[in-house]
Amino acid sequence: MPIKTETSADIVKLLALTDERAIGVLFAYADAVRKKEAGDEVHLRAIIEFSNYCVNDCLYCGLRKSRKNLHRYRMTDEEILAAVRKADELGYKTVVLQSGDDLFYSADDISCLVGKIKNQFDMAVTLSCGERSFEEYKEMRAAGADRYLLKHETANKKLYEKLHPGQSFEMRLKILGWLKELGFQTGSGSMVGLPGQTLEDIAEDILLFKKMDIDMIGIGPFIPHGDTPLAGSSAGTADMVLKTLAITRIVTRNTHLPATTALETIDPLGGQKALECGANVIMPNLTPQKYREDYQIYPGKICVFETADDCASCVRGMVKSIGRTVSSGRGDSLKIKKTQ
Ligand code: 5AD
């Protein structure tokens, strides 16, 4: 069966597959594309969730500013640097500094921190701290930040704006354009199973990743959080996330695709299943244990009671168990490599 992914209609057909055998063929093809384009190495990105303050009020998110029953924290520079040192000791070659949209940190503050990390460690630095001005991103890039993650979340403008009060879809896309222009390896991503989202919308997410030539794409299920306005909604399914991931691999080819923590949260085998249908990246948690409970963007997030060491050995064991290897390199954009 030839697998067609040219148009939105082609993709919707694949997303609608229910026949196990047909889904198996789709996954096997995605796995072959992953092997050809990204190889057998799995890249590990250590994620440090350094602040859970947020100025935004996204309807789905457990860190939304209206949520009053959450203990808010900010890690100090010393705590962040200690977590980066731990990541270095555990052999990670990338650190991802993630937070809510916390304007307490100026671009200077973030740039200064990036400078310190780049001085002390031979690691790629990814930032994931929300929407800023062009000038601010420019300063962070000049300080040495290599990559930036800012998911478009959904390509349906109406749904995007309903879920993100006060934010605009055009601005989100404009910022992704700036990040690319500034030379960041740029990450985006989306949620699957959002209330009101259709298969056509998911197809548009995939086509948008392709159109924007995104370097890394995180796709996870929507998981309703009890302390948000979407508390009563149903969650995305692991099956739909895996189909979306597989099609994204086939359509975008040489991209980095993580097995997301959200997927592992709804399916204990989600990590390995993702690695076997297109994914080539895992993001182990390096946030100090005492803060983990307060960074539950969605409920039931895995690894809340684990330590950095626990997560490191668990991830390495899982990668080995499916016959893949852990990369010892930085895992820069596959698009850069191609043009060199
Ligand atoms: N369910 C699943 N993923 C979520 N995110 C935020 N809230 C939820 C939720 N309720 C994801 C978004 C965001 C990332 C940090 O976490 O995609 O970009």
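Residue numbering note: each chain is counted from 1, following its sequence as written. Given that this is a predicted model, residues contribute local features only at a pLDDT of at least 70 and side-chain atom pairs are listed and counted only at 80 or more, while totals for whole chains, interfaces and linings are drawn from all residues. Hydrogens and water molecules were not included; the side-chain quantities draw on all heavy atoms of the structure.

> Sorry if this is basic, but what is going on with the site of the ligand here?
Residue proximity to a molecule or strand is established when one non-hydrogen atom of the residue lies within 4 Å of it. Around the ligand, a shell composed of Y60, C61, Q98, K151, E153, M191, P221, F222, I223, I297 and Y298 is seen. Between E153 and the ligand, the recorded distance is 2.6 Å, taken from a side-chain N or O atom to an oxygen atom. In protein, a polar contact requires one atom able to donate a hydrogen and another able to accept it; more generally it is a pair of N or O atoms within 3.5 Å, and residues adjacent in sequence count only if both atoms are side-chain atoms. Between the ligand and the protein, one listed contact pairs a nitrogen atom with a backbone N or O atom of I223 at 2.7 Å. Broken down by class, the residue content of the shell around the ligand amounts to eight nonpolar, one polar and two charged. Nonpolar residues are Ala, Val, Leu, Ile, Met, Phe, Trp, Tyr, Cys and Pro. Charged residues are Asp, Glu, Lys and Arg, and all others, Gly as well, are polar.

> Any chance you could explain the pairing of strand β6 (residues 185–192) here in plain terms?
The side chains of a regular strand alternate, residue by residue, between the two faces of the sheet. Accessibility here uses a 1.4 Å probe with only protein chains present; expressed as a share of the type maximum, an area under 20% marks a residue as buried, one over 50% as exposed, and anything in between as partly exposed. Each helix corresponds to a stretch of at least 4 residues labelled H or I by DSSP, and each strand to a stretch of at least 2 residues labelled E; elements are numbered beginning at the N terminus. With eight of its eight residues buried, β6 lies for the most part within the structure. Burial along β6 is two-sided: the face carrying Q185, G187, G189 and M191 and the face carrying T186, S188, S190 and V192 are both buried. Two strands qualify as a pair provided that DSSP identifies no fewer than 2 bridges between them. Relative to β6, strand β5 (residues 147–149) runs parallel, the two being bridged by three bridges. Residue pairing for β6: Y148 is matched across the bridge by T186. Bridge count between β6 and strand β7 (residues 216–221): six bridges; the pairing is parallel. Across the sheet, residue V192 finds its bridge partner in β7, namely P221.

> I tried to follow the packing of helix α8 (residues 199–211) against helix α9 (residues 238–252) on my own but got confused; where do I start?
Each pair of packed helices gets described by two things: the angle between the helix axes and the distance between those axes. Axis definition: a line fit to C-alpha positions, over the contact stretch in the case of helices; interaxial angles, taken between N-to-C directions, run 0 to 180 degrees. For the pair α8 and α9, the least separation of the axes is 10 Å and the interaxial angle reads 35°. By crossing handedness, the relation of α8 to α9 is classed as right-handed. Contact with α8, carried on its side by L199, I202, I206, F209 and K210, involves M240, T244, I247, T248, V251 and T252 of α9 and no other residues of that element. Class assignment of the residues belonging to the contact of α8 with α9 gives a composition of seven nonpolar, three polar and one charged. Take the far helix as the reference: if the near one is turned anticlockwise from it by less than a right angle, the crossing is left-handed, and if turned clockwise, right-handed. The contact criterion used throughout is that any non-hydrogen atoms of two residues lie within 4.5 Å.

> Just to check I follow, could you spell out the packing of aromatic side chains for this structure?
The description of an aromatic ring pair uses the distance of the two centres, along with the angle that the planes make with each other. The pairing test for Phe, Tyr and Trp rings, Trp by its six-membered ring, is centres within 6.5 Å, and the orientation test on the planes gives stacked under 30 degrees, edge-to-face over 60, and tilted for anything in between. Under the criterion given, the structure shown has eight aromatic pairs. Between Y160 and F169, the aromatic rings sit 5.5 Å apart at their centres with planes inclined by 55°, giving tilted as the arrangement. For the pair Y160 and F169, one class covers both residues: buried. Members of the aromatic cluster, connected to one another through ring pairs, are F134, Y137, Y148, W178 and F184. Geometrically, a lysine NZ or arginine CZ counts as sitting over a ring once it is within 6 Å of the ring centre and also within 35 degrees of the ring normal. When the ring centre of F104 is taken as reference, the NZ or CZ atom of R74 above it lies at 4.0 Å.

So yeah, pure geometry; function would need other evidence.
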